[in-house]
Number of protein chains: 2
Amino acid sequence: MERLEHAIGRIRPLDEEAMAKARDRLDRLTKPPGSLGRLEELAVRLAGMSGSFPLPGRLARKAIVVMAGDHGVCEEGVSAFPQEVTPQMVRNFLAGGAVVNVLAGQAGADVVCVDMGMKADVRHERLRVCKVKNGTDNMTKGPAMSREEAVRSVEAGIAVAEELAQAGYGVLATGEMGIGNTTPSAAMLAVFAGADAEETVGRGTGVDDAGLARKRDAVRRAIAANRPDGGDALDVLAKVGGLEIAGLAGLAIGAAASGVPLVIDGFISTVAALAACRLAPGVKHYLIASHLSDEKGHRLALELIGLSPMLHLSMRLGEGTGAALAMPLIDAAKAVTERMATFESAGVSRA
Amino acid sequence: MERLEHAIGRIRPLDEEAMAKARDRLDRLTKPPGSLGRLEELAVRLAGMSGSFPLPGRLARKAIVVMAGDHGVCEEGVSAFPQEVTPQMVRNFLAGGAVVNVLAGQAGADVVCVDMGMKADVRHERLRVCKVKNGTDNMTKGPAMSREEAVRSVEAGIAVAEELAQAGYGVLATGEMGIGNTTPSAAMLAVFAGADAEETVGRGTGVDDAGLARKRDAVRRAIAANRPDGGDALDVLAKVGGLEIAGLAGLAIGAAASGVPLVIDGFISTVAALAACRLAPGVKHYLIASHLSDEKGHRLALELIGLSPMLHLSMRLGEGTGAALAMPLIDAAKAVTERMATFESAGVSRA
C-alpha cells in the first residue's frame, strides 16, 4: 500500500497560475473569446496539469499503454471471441498490426504493451510483464482476485506511469486487451453507480442476445456472490474487477501523481479511471475523455467521473484506439496557444 | 445556369464496387467486425466517393476553402463585431495568423481564401477574387441579392472546387468569414426547415440578449419582406442568403461533381451545404460532417441533410476550424485500411 499511498499524496491540484496565463493568452488571440469551446478548455487544463504556460514541449511525447489480462469469467460464455485471442492480439500489437498501432502511428504516439495478467506467458523484448498472477479468477465463483493482488496490480500501474513520465513522456493514454473484460467493467460500474446490470452490460466485441443475457446474469451473480463495497474501490477492483483494469486504475493515479495528462479510451479504460477517482478524487483533473463508445455503460461511467467525450464515432474496440484519435486535439490545442496572431499583432478590431 | 446544370449532371452516386471492396477489407482486419464504427463507415464512403479502393493517394492533399463576404444586414445590429473585421480577418488568414491557419497546418491542409463579396477590395496575390458585388444587401429591406447574382456566386464556387480538384486536391473543406453571416444562415435554415427564427437564430460570435432579439427580428422581417420559396433553393439563397454562402453551396456541388469529399464546418457551412443538397440531392453523399458547433441551429441543419458530426467540442468560430480538426480522422480511416494485419496474417482467431 505504500507506493499507492505515496502516489496519491503526490497528486496536486491544477496549477491556477498556469491556467490563468493560458486563459489570458487565449483571450488575446484573433477569435471571439471562448469560441474554440472545449479546445480552449483543453489548452487551459493542459497548462494546469503541466504546471506551466507556455505549454511544455514534452506534450509532444505520447504513449498509449495497452494493458492485457485474461478473465476467468469467460467460462460463463460472456464473449464473442475465444480467450486465446488475448495473447494473439498482444503479439499483434507487438508486431504493429492492430488498429491501435496504426492510429498511434498517425498520432505520433508510442504503444507500450504491458502483461498485467494474461493466462499465457508471452515473451517479447518489448512486452513489459507486471502480472501478479496468470488470469483474473472467475468472479461468479468467488473474488476476481485478493485485495493484496488488487493493490499490487494498481501499484504496478502506478510504476509504469511514473517510469514513462520520467522517461520524458508528456501525455499518456490508456488502452486494454482482455477477452471478457467488458463483463468485470460492467460489474464494477454497477457497483459504483448503484445500478442494475441492465444499465451497465453491453455487447462488448459483439455478443448476440443470448450472450448478452449471460453477461448480465454473470454480473448479477458476481455481485451477489462477492458483495463488493461500493465505497471501497479496492474492494470493488478485487472482487469484481480484473488485473488489467486495476493496472489501468494505477496508471491513472501514477499519471496524475506525475502531473501527466491521461487520455482515457473507451468503456473499460473509463471504468478503471472511475475506480482511480474513487481512490483519489484528484485524479479526475488529469483525465481527458477521448470518445463516446457504443458500449452500453460508457456514457454512465463518464458521467460518474464528470467527463465529456470529444469524439462521437460509435466505436467499440478498446485497445486505446479512441484515445489515439483524440491525441491530435491535444496537439491542436497546444498549437493554437503558440502560433496564432493576437488582435494587436494582426490589427483586428475587437468586439 | 449552364455551369450549374452541367455540374449537377456530373454528380455520380457512390461507387458500389469500391465500397464493397472497402467493406471486405475492413472485415478481414484484426478487430471485431464494425467495431471502428463511423471510422469504418468513413473509409467505405471515401472509397465510394473516390470510386476506388485501395483509397487513392490524393486524399492526402487537402484544402480548406475560406470564402469571405459582407452583409448589409449588419446595419440591423446583429453582430458582436464591427464589419471591418471581415477584411481584417481575411488579411489575418493570408498572413497565417488565424485559428484556421494553425489547425490547417496541424492537419496538413492548405488554406485557400476567396473573396466572394467583401465590401472592401482587398488585394493579395493569394486571395482569389470571385465576387459578383461588394457585399450582400440588407435582406430586411429587400432581397440579399438578385437570382442572377446567386447563380453566379454558386457557379463561382463550383469553379473553385473544380479547379482545386484538377490541381490534385483530394479532400476539400468549407470555411467562411463574414461578420453578420449567421443571420442569413439562420434565415435560410428557417425557410428550409419551416421553422421559426426562435429555433434557428443563435448568438454567433457572441451577441448579448438584446443582440439576439435583434437577430431574430431581422430574420423574421427578412422572411416577411422577401417571402422566399423554400422549395427553390436559389430563391432562398438570393432573397435571404449571402454571397459567400452561395459560393460555399457551389463549392459543395463542385466537389461532388468532381468526386471529391467535402468536409463541412459549422453552422454557416452546413446551411450552405443544405442549400446545395436542395439544388442537387446527390451532393449529400460527398459531405463529411466534422463537428457539432454551439451555434443554435447547427444540429437542425445537420439533421435536415441527414449528417452526424464526429467532434463535439462546443466550438462556434467558423473559418473552417472544425473541418480542420476532423481531417486527421480521414487520414486515420485511410491508414486503417492500408496498414493493419488481417486475421490470417496475424494468426488471430475469429469470433
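Worth saying up front: this structure is predicted, and the values here are computed from it rather than measured. (Residues numbered from 1 in each chain as written. Chains lettered and ligands numbered in written order. Predicted model: local features only at pLDDT ≥ 70, side-chain atom pairs only at ≥ 80, totals over all residues. Heavy atoms only, no water.)

### Observations regarding the overall build of chain A
- When helices and strands are tallied, chain A shows 15 helices and 8 strands.
- Rg of the C-alpha trace for chain A: 20 Å, near the compact-globule value of 20 Å for 351 residues, within the 12% margin.
- With respect to the three principal axes, the spread of C-alpha positions in chain A is 70 × 40 × 40 Å.
- Burial status across chain A gives 66% buried among its 351 residues.
- Contacts spanning at least 24 positions in sequence make up 76% of the contacts within chain A whose residues lie at least 6 apart. (Helix = DSSP H or I, 4+ residues; strand = E, 2+ residues; numbered from the N terminus. Rg over C-alpha atoms; globule rule 2.2 N^0.38 Å. Buried < 20%, exposed > 50% of the residue type's maximum accessible area, 1.4 Å probe, protein only. Contact = heavy atoms within 4.5 Å.)

### Considering the nonpolar core
- Residues Val283(A), Leu287(A), Val336(A), Val283(B), Leu287(B) and Val336(B) are the most contacted members of the largest nonpolar core, which totals 284 residues.
- Dropping the residues within four chain positions of it, Val283(B) is found in contact with Ile11(B), Ala252(B), Ile253(B), Ala256(B), Ala276(B) and Cys277(B). (Core = buried A, V, L, I, M, F, W, Y, C linked by side-chain atoms within 4.5 Å.)

### Topic: the pairing of strand β2 (residues 109-117) of chain B
Residues and elements named next belong to chain B.
- Counting buried residues along β2, 7 of its 9 residues qualify, which places the element largely inside the surrounding structure.
- Inspection of the sheet shows strand β1 (residues 62-69) paired to β2 by 8 bridges, in the parallel sense. Bridge assignment links Ala68 to a residue of β2, and that residue is Asp115.
- Strand direction decides the pairing type here: β2 and strand β3 (residues 127-129), joined by 3 bridges, are parallel. Each residue of the ladder has a partner; that of Cys113, found in β3, is Leu127. (Pairing = 2+ DSSP bridges.)

### Notes on the relation of the copies chain B and chain A
- Mapping chain B onto chain A calls for a rotation angle of 180° and an axial translation of 0.0 Å; the resulting RMSD is 0.0 Å. Each copy turns onto its partner about a two-fold axis. Among all C-alpha atoms of chain B, that of Leu311(B) lies closest to the rotation axis, at 2.4 Å.
- Interface overlap between copies: 100% of the residues of chain B at the interface are likewise at the interface in chain A, consistent with a symmetric, same-surface contact. (Least-squares fit on C-alpha atoms with pLDDT ≥ 70 in both.)

### Observations concerning the sheet that holds strand β5 (residues 262-264) of chain B
All names here are of chain B.
- The parallel open sheet is built from 6 strands, whose spatial order is β3-β2-β1-β4-β5-β6. The open sheet has two edge strands with one neighbour each: β3 and β6 (287-289). Shown here is a sheet whose adjacent strand axes are inclined to one another by a mean of 30°, direction ignored. (Axes fitted to C-alpha atoms, helices over the stretch in contact; angles between N-to-C directions.)

### Digging into the domain arrangement of chain A
Residues and elements named next belong to chain A.
- Segmentation of chain A into domains returns domain 1 (2-56 + 336-346) and domain 2 (58-328).
- With centres defined by C-alpha atoms, the gap from domain 1 to domain 2 works out at 28 Å.
- Taken together, the 18 residues of domain 1 in the interface contact 26 residues of domain 2.
- When domain 1 packs against domain 2, close to 2,000 Å² is buried across both sides, 61% of that on carbon and sulfur atoms. (Domains from an automatic or database assignment. Buried area = accessible area lost by both parts, 1.4 Å probe.)

### A few points about the interface of chain B and chain A
- Tallying the contact residues gives 53 residues for chain B and 53 residues for chain A.
- Together, the buried faces of chain B and chain A total about 4,200 Å²; carbon and sulfur atoms form 66% of this surface.
- Where chain B packs against chain A, one counts 0 salt bridges.
- There are 21 residue pairs in polar contact (both at pLDDT 80 or more) connecting chain B and chain A.
- Listed by contribution, the elements that provide at least two residues to the side of chain B that touches chain A are α3 (38-50), α4 (85-95), α5 (99-107), β8 (311-312), α14 (321-339) and α15 (343-346) of chain B.
- Broken down by element, the side of chain B that touches chain A gets its largest block of residues, 8 residues, from α14(B).
- Class assignment of the residues belonging to the side of chain B that touches chain A gives a composition of 31 nonpolar, 14 polar and 8 charged. (Salt bridge = Lys/Arg side-chain N within 4 Å of Asp/Glu carboxyl O. Polar contact = N/O pair within 3.5 Å; in protein donor to acceptor, adjacent residues only side chain to side chain. Nonpolar A, V, L, I, M, F, W, Y, C, P; charged D, E, K, R; others polar.)

### A word on the packing of helix α10 (residues 233-240) of chain B against helix α12 (residues 267-279) of chain B
All names here are of chain B.
- Running from amino to carboxyl end, α10 crosses α12 at an angle of 145°, the nearest separation of the two axes being 8 Å. Of the residues in α12, those touching α10 at Ala233, Leu234 and Leu237 are Ala275, Arg278 and Leu279.
- A per-class count over the contact of α10 with α12 returns 5 nonpolar, no polar and 1 charged.

### Things to note about the packing of helix α5 (residues 99-107) of chain A against helix α14 (residues 321-339) of chain A
Residue and element names in this part refer to chain A.
- For the pair α5 and α14, interaxial distance at closest approach is 8 Å and the crossing angle is 5°. Judged by the angle between their axes, α5 and α14 are roughly parallel. Across the interface between the two elements, Val99, Val100, Leu103, Ala104 and Ala107 of α5 pack against Thr321, Ala324, Leu325, Met327, Pro328 and Asp331 of α14.
- Taken together, the residues of the contact of α5 with α14 sort by class into 9 nonpolar, 1 polar and 1 charged. (Parallel < 35°, antiparallel > 145°, perpendicular 65-115°, else oblique.)

### Side note on helix α12 (residues 267-279) of chain A
- With 13 residues, α12(A) should cover 18 Å at 1.5 Å per step; its first-to-last C-alpha distance of 18 Å lies within 8% of that length.
- Listed in full, the buried residues belonging to α12(A) are Phe267(A), Ile268(A), Ser269(A), Thr270(A), Val271(A), Ala272(A), Ala273(A), Leu274(A), Ala275(A), Ala276(A) and Cys277(A). (Expected span 1.5 Å × (residues − 1).)

### Section: the sheet that holds strand β4 (residues 171-177) of chain A
Residue and element names in this part refer to chain A.
- Pairing is parallel across the open sheet formed by 6 strands, whose spatial order is β3-β2-β1-β4-β5-β6. The outermost strands of the open sheet, each flanked by one partner alone, are β3 (127-129) and β6 (287-289). For this sheet, the mean inter-axis angle between neighbouring strands, taken without regard to orientation, is 30°.
- Of the strand pairs in this sheet, strand β1 (residues 62-69) and β4 are connected by 7 bridges, and their pairing is parallel. Bridge pairing in β4 places Ala68 opposite Met177.

### Re the state of the cysteines
- In this structure the tally under the stated criterion is 0 disulfides over all chains.
- Just so you know, Cys130(A) is unpaired, no disulfide at all, and the nearest cysteine sulfur is the one on Cys113(A), 12 Å from it.
- Residue Cys74(B) stays outside any disulfide, its sulfur separated by 19 Å from that of Cys113(B), the closest cysteine. (Disulfide = S-S within 2.5 Å.)

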